Amino acid sequence: MATTASCRIRTSVRRRERDNIGFGCGDQRNALKADPRHPLSLPLRALLGAALRLWLILHTGPADGQTVNATTGSITGTIIDASGAAVPGVTVVISSDALIGSNGTRTATTDRQGLYRFPAVPPGEYVLVCSHEGFATVTREGIHVGLGFSATVDVTLTIAAVHEDVSVPRDPTVADRRATVAAIHFDSHALADLPGSRSMAAIFAATPAVQVSRFEVGGNTQSAGQQSAYGTPGQNRPMVEGLNVSGILDTGFSLNYGSFDEVAVGTAAHGAEWPMAGVQMQFIVKSGGNRYRATLYADYENQDWQSFNVDADQILRTAQGGGLLARDVNRLSSYHDVNADAGGYVKRDVLWWYGSIRDQDVSARAVNFPVRPRQTRITSYSGKTTYQPIRNNTFIAFAQLGGNHQPDILSGFTLGPTTGIHLSEDSTAEQRAWGWLWKGEWNAVVNDRIFIELRAGRFGADRPETPNGTSPRFEDVSTLLVTGGNRNWESTLRREQLLGSTNYFKDGWFGNHQFKIGGEIFRRVQAEIWNSAYPGDVLHVLRDRQPSEVVLFQTPSKSENGDWTYTAYASDSWRVNNRLTINAGTRVDRYRVFLPAQEHPAGRFNPTAQRFPAVDEVIAWNLFAPRIGVVHDVHGNGRTILKLSYGRYWVPPGTDVGATANSNSPQWWTRHPWKDLNGNGVWDPDEEGPPTSRRGGATTESLDRALRLPYVDEMAAWVERELSANFGIRTGVVWRGERQHRLRQNTSWPIGAFSVPVMVPDPGPDGQRGTADDPPAIVAYNLRDDLLSAQQYIVRNVPQSDTHYWSWDVTATKRYSDRWSLVAGFVHTWNSDHANAYLGQPVRQNAFPLTPNDLTNAGAEGRYDFRMWSAKVYGTYVAPWGLRVTPLLRHQSGQPFGRTVVARLNYASNVTILAEPIGTRRMDNVTLFDVRVEKRFHLPRRIQVAGLVDVFNLFNGNPEDSTSWSSGAFLRPLDIVAPRIVRIGTKLEW
């Protein structure tokens, strides 16, 4: 009998469109594959040298293992006969619209164990066809390869007397037998089905375990605020086309949602490729192909298509004035989103191209700006080329340019954008931000044992703000009212980056191994520019409408701070046997903070210019971070999986370390007590007292040379169970501990120096002293008088700053079958953490205890103990008449809080003190139900037209997702969830 065989995987476009009715992210087995998807990058010479040596000395031969990288996944599997014996020598050919080169095909051969593997497979839909002389041909359809994981496709060949074809459904297994990482994936079909604003906020809204601080309804906000998973806030790292765009929200740069082909969101148990423990996102942009395709998307909302949901009680508590009726302050005014893209080829299988343009215009009212609708105009231009001049060697170029115009930015100095109440446009600023991102990439499949990828690029952004008014600036820390002109300000960011990785597969060392080595190099420079501060370089701070403090700025100023990051990491996904896999890895990071040469010009309050020489190394750290995970198939049938993991994650220093240690501070100011001696309502010279604090100047700023970086330790345990062929459940616990926090501190003011007790009147919830609701006075502590004039600041670690989070998580997944799919998740977190603000609401002066006043109404070591939870349910149902219905139900607990007061103490004019323990009260729980209904029509020449209707906040709930905790404006709504909104849209594909 001849032993030649062939096995082909090919794409069926029609089948792909039919099978991707579900979210795709419900494929739990694939969604949680190990996270070697990130690139690693050593210096170019070392990386290429290591890859070349591996290429020359290692022999070929397939092994079962994961090949996951920053922009690809993989396909692996075993081919056996009906008796369970391996079938060696099978030629396996894969083909897909997503593959470039050789008519969209690639070839591998099974080894003596019947194993085959395709590394570096682009995300897409595949069909598997296996044939062997004497065996029936087997067809496997609807195989989705997602970003960052391996699709395991095992095939059994049966003997046939005559040639016959057998169609086999996709592998029903939903439990992941290899990886410990907790992640979820959204392909382009899932992204298109999600009801929402077509932004990162919409993706976070649908991701189990992710909690947000703002809730977008029908596009009323372009930001989900701060995201967290399993308690850890921040520490997130979004990646676009394998490039790091951390800090993207602060730059005003927005991603082009319509260009995404695949998005992966990781929430825990990250591999050695990831530096931090937070929510890690990867965005891959669509490529061209061997046929031309184009899409035109447009949607529209109108203020007449929405309800009112601000009730009478909220109207009584909402700030009045500004021109809008109280019932209108949270409604959408107008919305449109137009997105066109096209892709194809210059030369089939050699050169592809893709381009996308998006224009989005949102006008939404804000509770803390009851003046007029706030407009956000976002424009995005994306382009990508894919070139394969040599078989298995691919070159990719990508670029995106984006603008963000907002006429009314609600920035402030003592009051943030979510807490200050602006009753006039004069107190706002106009933002015109631009950002850009580009990369060049080379990846090569050397053979079925070695894969190499290397990319270089840059992320940059400029965000200028110009004031809309010129009158004197006032900010009231009790009533939260803001009036007067804003600042003339700008921030810039430049991040150059080089990343790469090499994967190597080895059999025979007590199992099968996938080794991955590589690294990253980043150079980041960030600048903060104050062309002028508030009018006259003066900020008036009021407390309950009375003069309290004056801040005098020294502008113009421009401060630049930078850092280098050098990373090398290595990992091994070791398949000991069919029941046990060990994922071990480590990363070594070197962080070096530097300061470019810079100058502080002369100005009103600084008559002499100051120059600061470049500092090549302000401080540096060399750090080691281990990661390990164990996956055990309890019964050996892939239905019950136990997973354990441990990892240490260092928190990168960012430019804030350089900024706080830079004598040329990003902000130059002095803060003084203010008494309006002549009663004219504005500051005049000699009305200020001695300075209580200052920023800027060579004699006041320093950095502890023994400063240690913070880190997060994480331990997790999971059980995954396949309950039926298309239904699985995962549950587990995650513990995280944060250590070695740092803070800028006045070295002359140790905590023991705050030893003078003083009674602070508590005005109670009504904010008025001497009324019936006044509680007893609060005991606070003044600083010793002999230390008041001492001003010497240092950045150093804070003792007793440890934070702990415990989380229990459960997620159930039903993959698409019987016309519907479903994903449901619930997470409950017990927090014991430090903070000086939650949801923008200050609760004490410092993030970690530096004075006894920071310990008022706090728990052990100054921590706050409370519980948070969230639940999400979503899926797709194909109703009669071909209607695709996609509901999304999300519920999140309100933030526990306590009332605060602002006190004048001898060392600071406005000190926030927690009058009630956190947990005395809880903000509104938020429950929102959104739904999308879509109908598609198929026209000749492969043209599809779809009409869609979205309904957001179907039950018209009105929870307050931001409320003032300050006694001066206690329980005043700052943000009320938008009312029920209807949106219509259309989509044309050809």
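Residues numbered from 1 in each chain as written. Predicted model: local features only at pLDDT ≥ 70, side-chain atom pairs only at ≥ 80, totals over all residues. Heavy atoms only, no water.

Participant: Go over the environment of Arg432, please, and point to the residues and values.
Facilitator: Residue placement: Arg432 occurs in strand S25 (residues 429–447). Residues Arg432 and Glu465, 33 residues apart in the sequence, show an inter-C-alpha distance of 6.9 Å. In contact with Arg432, other than residues within four places in its own chain, are Asn404, His405, Asp462 and Pro464. Side-chain polar atoms of Arg432 contact the side chain of Glu430, separated by 3.3 Å. (Helix = DSSP H or I, 4+ residues; strand = E, 2+ residues; numbered from the N terminus. Contact = heavy atoms within 4.5 Å. Polar contact = N/O pair within 3.5 Å; in protein donor to acceptor, adjacent residues only side chain to side chain.)

Participant: A description of the confidence of the model for the protein should follow, citing residues and the corresponding values.
Facilitator: Scored by pLDDT, the protein has a mean of 87; 91% of the residues are at 70 or more. Here residues 1–68 is a poorly scored stretch, pLDDT under 50, and it has 285 contacts once near neighbours within four places are set aside; other chains count. (pLDDT = per-residue confidence, 0-100.)

Participant: Describe unusual backbone geometry, and please don't skip the residues or the numbers.
Facilitator: Going from Thr555 to Pro556, the amide bond is cis rather than trans, its omega being 5°. With phi around 70°, Leu480 is a residue other than glycine that occupies positive phi space. With respect to the element layout, Leu480 can be found in the loop between strand S27 (473–476) and strand S28 (481–483). Judged by relative accessible area, which is 4%, Leu480 ranks as buried. One non-glycine residue, Asp544, adopts positive backbone phi at about 55°. Take Asp544: it is sitting in the loop between strand S31 (538–543) and strand S32 (546–553). (Buried < 20%, exposed > 50% of the residue type's maximum accessible area, 1.4 Å probe, protein only.)

Participant: Now, about the side chain of Asn443: what can you tell me, with residues and values included?
Facilitator: Looking at where Asn443 falls in the secondary structure, it is placed in strand S25. Leave out the neighbours within four places in its chain, and Asn443 touches Asn392, Asn393, Thr394, Ile396, Phe451, Ile452 and Glu453.

Participant: Account for the sheet that holds strand S14 (residues 232–233), naming residues and giving values.
Facilitator: The sheet built from three strands is open, its strands ordered S12-S13-S14 with antiparallel pairing. Two strands lie at the open edges of the sheet, namely strand S12 (210–212) and S14, each paired on one side alone. When S12 meets strand S13 (residues 227–229), the two strands line up antiparallel, connected through three bridges. Considered in S13, the bridge of Val210 is made with Ala229. (Pairing = 2+ DSSP bridges.)

Participant: A description of a nonpolar patch on the surface should follow, citing residues and the corresponding values.
Facilitator: A cluster of nonpolar side chains, contributed by Tyr300, Trp305, Val949 and Ile984, occupies part of the molecular surface with about 330 Å² of accessible area. Structurally, Tyr300 can be placed in strand S19 (residues 293–306). (Patch = residues over 30% accessible without salt bridge, like charges linked within 9 Å, V, L, I, M, F, W, Y side chains within 5 Å. Areas by Shrake-Rupley, 256 points an atom, 1.4 Å probe, with all protein chains shown as cover. Salt bridge = Lys/Arg side-chain N within 4 Å of Asp/Glu carboxyl O.)

Participant: How would you explain the sheet that holds strand S15 (residues 237–240) if you had to name every residue and give the values?
Facilitator: Ordered by their spatial adjacency, five strands build an open sheet running S11-S17-S18-S15-S16, and the pairing between neighbours is mixed. With one partner strand each, in any of the chains shown, strand S11 (182–187) and strand S16 (243–244) form the two edges of the open sheet. With six bridges connecting them, strand S17 (residues 260–268) and strand S18 (residues 280–285) associate as antiparallel partners. Bridging across to S18, Val263 finds its partner in Phe283.

Participant: Report on the nonpolar core, specifying residues and quantitative values.
Facilitator: Within the largest apolar cluster, 58 residues are counted, with the highest numbers of intra-cluster contacts made by Phe186, Ile203, Val263, Met281 and Phe283. Beyond its immediate chain neighbours, meaning those up to four positions away, Val263 contacts Ile184, His185, Phe186, Leu191, Ile203, Met281, Gln282 and Phe283. Among the nonpolar cores identified, the runner-up in size contains 22 residues, and Ile75, Val87, Phe135 and Val153 belong to it. (Core = buried A, V, L, I, M, F, W, Y, C linked by side-chain atoms within 4.5 Å.)

Participant: Describe the environment of Asp656, listing the residues and the values that go with them.
Facilitator: Here Asp656 shows up in helix H8 (residues 656–661). Counting along the chain gives 95 residues from Asp656 to Asn561, while the straight-line C-alpha distance between them is 8.0 Å.

Participant: Help me get a handle on the packing of aromatic side chains, residues and values and all.
Facilitator: Overall, the coordinates contain 25 aromatic pairs when judged by the stated rule. Taken together, a centroid distance of 6.5 Å and an interplanar angle of 15° make the contact between Tyr504 and Phe515 stacked. Here Phe515 lies in strand S30 (residues 512–532) and Tyr504 lies in strand S29 (residues 488–507), a separation of 11 residues in the sequence. Under the relative-accessibility criterion, Phe515 is labelled partly exposed at 24%. Here the aromatic residues Phe413, Trp530, Tyr534, Phe553 and Trp669 are joined through ring pairs into a cluster of three or more. Note that Arg487 overlies the ring of Trp530, its terminal NZ or CZ placed 5.4 Å from the centroid. One residue, Arg744, lies across the ring of Tyr793, its end atom 3.9 Å from the ring centre. (Phe/Tyr/Trp six-rings, centres within 6.5 Å; stacked < 30°, edge-to-face > 60°. Lys NZ or Arg CZ within 6 Å of the ring centre and 35° of its normal.)

Participant: An account of the pairing of strand S23 (residues 393–409) is needed here, citing residue identities and associated values.
Facilitator: S23 sits mainly inside the fold: 13 of its 17 residues count as buried. Summarising the sheet, strand S22 (residues 369–390) and S23 pair through 12 bridges and their orientation is antiparallel. Residue pairing across strands places Arg377 opposite His405, the latter belonging to S23. Hairpin connection from S22 to S23: two residues lie between these consecutive antiparallel strands, with Asn392 at a positive phi of about 70°. Both S23 and S25 contribute to a ladder of 15 bridges, which runs antiparallel. Bridging from a neighbouring strand, Gly402 pairs with Gly435 of S25.

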